[in-house]
Amino acid sequence: MRAASIEYDLLVAGGGPAGTCAAIAAARQGLSTILVDENGCFGGMATAGLVNPFTPYWQWRPDGRLDKGAPSNAGIFAEILSQLEAHGALAEDGVTFNEEALKLVLDRLVAGSGATPLLHARVIDANVGVCGAGKTVMAWIATKSGLQGIRARYFIDATGDGDLASAAGLPFEQGRPGDGKTQPMTLSFRLGGVDASAFPSHIDPGKFQNNYAVGEMDARYLAMKKLGRIVRNPRDDLVALGHMLEGVMHFNSTRIPNLSGVDAEDLTAAELEGREQVHELHRFLKEAMPGFAGSTLLMTGSRVGVRETRRLKGAYALHEDDVLGAKKFPDGIARGTWHVELHDPDGPGTRVERIPPDDYYTIPYRCLYAPGFQNVLVAGRSISSTRAANSSSRVMPICASLGQAAGLAAALAAADGIPVEQVDTERLRKLIRESGGLC
Ligand SMILES: Cc1cc2nc3c(=O)[nH]c(=O)nc-3n(C[C@H](O)[C@H](O)[C@H](O)COP(=O)(O)OP(=O)(O)OC[C@H]3O[C@@H](n4cnc5c(N)ncnc54)[C@H](O)[C@@H]3O)c2cc1C
């Protein structure tokens, strides 16, 4: 065990869409920043989780199509998109991307911001100061070099699971009232060698998403379930998305219910079950679906996809009425246009409710901190929100915007040496806009 003497202005735990944007934003404002992730790359679910595509980051039109002239997420997220485009790694739809290129894009953006990257490093605990109640002083990181203590003036928890903030004592809730169950996990996978021209139904290219599994394909899936040929996967539909290359298809169609994303044994069980479901689905596709007979399993995510774990009990909890009513808050720091999309913890169904067309909701800064906790912000999936609201705000473009806002808020707090809850939200909103963001 060894405690490092290094002290940073800011430690960001978790380098997914939220954490990378938080670290980049803060470092560009001059904060000495360390970005810590347990994976070997940044990007979180977008890279290691093989989650693709980005949900649309524009407003919806009344006819259900996208208004690409009206973006809802910009700033560093837009920089990431343009870097992907420069690598030929963003599809024409503007949402499907190549995750290998994304890894490099994020490495370079983090390095260019001046933030210090630390990979293969898991935050496992936090120390709270003896004289300053509610003040976190150090995070404990498990690395190949041993256990390291890293001190910082401010902390952003972007682990998606609230790992750092819960260790620091911030209050969280989890799952459905009553039984605490969360949305099921999913192991994403990708097939190559698919002959899409043989499919019984075809996509409408003007529509998000480019899901081929409509009509005949979904009907065959359900028929195979009835016949007992698909027994492991409780999901009642198939999600089969086109990807960057011809003949390559992306599936986030497995469904692993009744397990917790913050329990080591459950996560292990989820990985094993996910792989069984992948192979079961691939067998079905090869046997029963035209176009898949010669297909090959190219890859699965290097980690199972977790939709829901801890949610901060912050100064305000974003509510589904705020999302579905397209509410604008005076301290709004990020926008969202994604639907409420709540996957049933018990198995088959998914509740989908759209936000009003030609509109967006905002997320207040108060969802990012808990009163009394002076120097910790939470960004990304685990912000303070009801389950239904969270099922909208958790998507990658919105998490990126939340991360950027958190990084800028940390910079303002650090400049004045004040607790995060005292940040002037008018100044914060101005800084977000000046940094290219929307709020
Ligand atoms: C199956 C599935 C399908 C989805 N589909 C879509 C979709 O189509 N489009 C879309 O936009 N969104 C989708 N989402 C949602 C989205 O991927 C996530 O909610 C989003 O990535 C959350 O961003 P984040 O930065 O908060 O967390 P994450 O992306 O989860 O990143 C968290 C990072 O923190 C790291 N970390 C975690 N704990 C620790 C720790 N203790 N110490 C150090 N590092 C840690 C992880 O390694 C990871 O890199 C999907 C999610 C799932 C699971």
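Everything here concerns the structure above.
What counts, and where the lines are drawn
Residues numbered from 1 in each chain as written. Predicted model: local features only at pLDDT ≥ 70, side-chain atom pairs only at ≥ 80, totals over all residues. Heavy atoms only, no water. Pairing = 2+ DSSP bridges. Helix = DSSP H or I, 4+ residues; strand = E, 2+ residues; numbered from the N terminus. Near = heavy atom within 4 Å. Polar contact = N/O pair within 3.5 Å; in protein donor to acceptor, adjacent residues only side chain to side chain. Areas by Shrake-Rupley, 256 points an atom, 1.4 Å probe, with all protein chains shown as cover. Nonpolar A, V, L, I, M, F, W, Y, C, P; charged D, E, K, R; others polar.

A. Inspection of the pairing of strand S8 (residues 146-157) at higher detail. Where strand S7 (residues 136-143) lies against S8, 6 bridges are found, and the strand directions are antiparallel. Of the residues in S8, the one forming a bridge with Thr 143 is Gly 146. Linking S7 to S8, which pair antiparallel, is a turn of 2 residues. Judged from the 3 bridges that link them, S8 and strand S19 (residues 376-378) form a sheet pairing that is parallel. Counted as the bridge partner of Phe 155 is Val 376 from S19.

B. Focus on the site of the ligand. Looking at the ligand, there are 33 residues lining it, with Asp 37, Pro 53, Val 123, Asp 163 and Arg 394 nearest. Contacts to the ligand include Arg 303, whose side-chain N or O atom sits 3.1 Å from an oxygen atom. Between the ligand and Met 396 there is a distance of 2.9 Å, counted from an oxygen atom to a backbone nitrogen or oxygen. Protein coverage of the free-state accessible area of the ligand, which is 990 Å², stands at 96%. Broken down by secondary-structure element, the contributors of at least two residues to the shell around the ligand are helix H1 (17-28), strand S6 (121-128) and helix H9 (396-416). Classifying every residue of the shell around the ligand gives 15 nonpolar, 10 polar and 8 charged.

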